[in-house]
Amino acid sequence: DRIHTSFATMGKKAKSTAKIQKAADRKIDKSTLPPPPPPPEEEFGSAKPLDKPALPGTGFKVLGGEGYDDGGVADLSLLIDLEDSVQRRRRGENEYFQALKADLLPRATKGPMAKMSRREQKVSLAQLLFSEDDDCEDKGPSEVYVDQVDGEEDAATLKHRADRLAQARAALRLSLLLREPACTSLGLSELCKRKLTHSGKEGAEEALRCSEKALQIAGEGFWDGDEIAIEAEDNPVIDPNYETNATTPGLANPAVLKLLPIRVSHLCLRSAYLQRGNALAAMGKEAEARESYEKVFPLLKDEPRCARVDWERHSLYVNIGNTYSRSGDLDAAMAEYEKAEKLGSDHLNEEGGSEKDGKGMVACCKRARAFALKRAGKEDEAKKILKEVVEQQIKDNLEAAEAAKKAKEEAAKKAKEAAESK
């Protein structure tokens, strides 16, 4: 027995306490893990309505259907956590979470974010991409293109626009470090948008280039990370002799669709085509802009009728109408504005609609119609419509102030009653 034991243990070294502890640290307590991501074909994001509002009193019913809109929360999760979901499917839960615990997954390791975890950096990325300041010029759900650069901006406005542009570039850099391709595509679309706000027509060519790179990432082919990284520089210089080395598969590439849902591609395409249309409109290429806007509609076909998505549809119709107006076709423009206004009217007239969003859509259409009439030389009609918009806005502001006053009084009354009952 002694001989057998000695042979059995020969060549093996006893594990040190440090190694035993390291092995224990690598073990994953599966009971603490979040549920695994569903199969890609079962991920519908925010296209699937909720059975009830996520928070009482905050959700709007889907028009003409059952359920409530989730406000885009599920779509945001799909986009921000895309690479982590892919790695969980590819590696398996145990290997993925071991890598996460050992800090082996991509993240920024230099600069001000170096001490932040991958999750914390992704939260920062979401803030850079999707948050809006109260004084932001493009704040709100509308994506109607308007040239805001007139050369008479004050220093504060110019600084704000420059800061917003710098934030978009920072988001692009961070998305590349985190290897989150959906956020990289959205970052390029956001760069396109903020470049137009910052530089107007002078920045349209650069903005267009960003939107077309966003489409590459969202599409079926391949893309070159070095080509994308150039756009994150403060003053990108494009080398005309650069040979593209596109080896990273796009979000709709058949090679990756076993690991990620096609919806991710569709969300990125929707943003990229809309912003590409805006860049083309800024360049005066009205027919091409219209073609880009129209490519979004098939991607919205199965989306719910809710205020969030209806603003997207609304912006497309108004933008298309504006391309016709600038081309001198008033009748075609009016037909598009009518489609957009109907979306707003539906929210005002149908059960579950958002009154606030409905009024906003109708007012936006009236302004677009007024500017189109003025452009066509019908100034009296234009002035009449703008007067209606101003009067309605004054009325809405008074009603909102009165409602806020009543809510404040009611809250004070309840607080007083609660204090007296103690």
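Residues numbered from 1 in each chain as written. Predicted model: local features only at pLDDT ≥ 70, side-chain atom pairs only at ≥ 80, totals over all residues. Heavy atoms only, no water.

Trainee: I tried to follow the packing of helix H9 (residues 204-218) against helix H11 (residues 262-282) on my own but got confused; where do I start?
Mentor: For the pair H9 and H11, interaxial distance at closest approach is 8 Å and the crossing angle is 160°. Classified by the angle between their axes, H9 and H11 sit roughly antiparallel to one another. The handedness of the crossing between H9 and H11 comes out as left-handed. Counted together, Ala204, Ala207, Leu208, Ser211, Glu212, Ala214, Leu215 and Ala218 of H9 and Ser265, Cys268, Leu269, Ala272, Tyr273, Gln275, Arg276, Ala279, Leu280 and Ala282 of H11 form the full contact between these two elements. Among the residues making up the contact of H9 with H11, the classes are represented as 13 nonpolar, three polar and two charged. (Axes fitted to C-alpha atoms, helices over the stretch in contact; angles between N-to-C directions. Helix = DSSP H or I, 4+ residues; strand = E, 2+ residues; numbered from the N terminus. Parallel < 35°, antiparallel > 145°, perpendicular 65-115°, else oblique. Left-handed = near helix turned anticlockwise from the far one by under 90°. Contact = heavy atoms within 4.5 Å. Nonpolar A, V, L, I, M, F, W, Y, C, P; charged D, E, K, R; others polar.)

Trainee: For this particular structure, what's the right way to read the side chain of Ser185?
Mentor: For Ser185, the location among the structural elements is in helix H8 (residues 181-199). For Ser185, the contacting residues outside a window of four places in its chain are Ala214, Ile217, Ala218 and Cys268.

Trainee: Even after reading the chapter, I still don't get unusual backbone geometry, so can you show me in this structure?
Mentor: The phi angle of most residues is negative, glycine excepted, and most peptide bonds adopt the trans form. One non-glycine residue, Asp103, lies in positive phi territory at about 60°. For Asp103, the position within the fold is in the loop between helix H5 (93-101) and helix H6 (118-130). Looking at Asp103, the relative accessible area reads 41%, which means it is partly exposed. A positive phi angle, near 55°, is found at Arg179, a position not held by glycine. Of note, Arg179 is situated in the loop between helix H7 (155-178) and H8. Here Arg179 falls in the exposed class, since its relative accessible area comes to 57%. (Buried < 20%, exposed > 50% of the residue type's maximum accessible area, 1.4 Å probe, protein only.)

Trainee: What should I look at first to understand the environment of Thr244 in this one?
Mentor: Within the secondary structure layout, Thr244 lies in the loop between helix H10 (225-230) and strand S2 (248-249). Judged by its relative accessible area of 48%, Thr244 falls in the partly exposed class. For Thr244 and Trp223, which are 21 residues apart along the polypeptide, the C-alpha to C-alpha distance reads 8.5 Å. Among the polar contacts listed, one links the side chain of Thr244 to the side chain of Glu227, at a separation of 2.8 Å. (Polar contact = N/O pair within 3.5 Å; in protein donor to acceptor, adjacent residues only side chain to side chain.)

Trainee: I tried to follow the packing of aromatic side chains on my own but got confused; where do I start?
Mentor: Between two aromatic rings, the relevant description is the distance of the centres plus the angle of the planes. On inspection of all chains with the given rule, the structure shows two aromatic pairs. Geometrically, the ring pair formed by Tyr96 and Phe97 is edge-to-face, given 4.8 Å between the ring centres and 80° between the ring planes. Residue classification places Phe97 among the buried positions, given a relative accessible area of 10%. The lysine or arginine in question, Lys61, covers the ring of Tyr68, its NZ or CZ lying 5.4 Å from the ring centre. Lying over the aromatic face of Tyr324, Arg290 brings its terminal NZ or CZ to 4.1 Å of the ring centre. (Phe/Tyr/Trp six-rings, centres within 6.5 Å; stacked < 30°, edge-to-face > 60°. Lys NZ or Arg CZ within 6 Å of the ring centre and 35° of its normal.)

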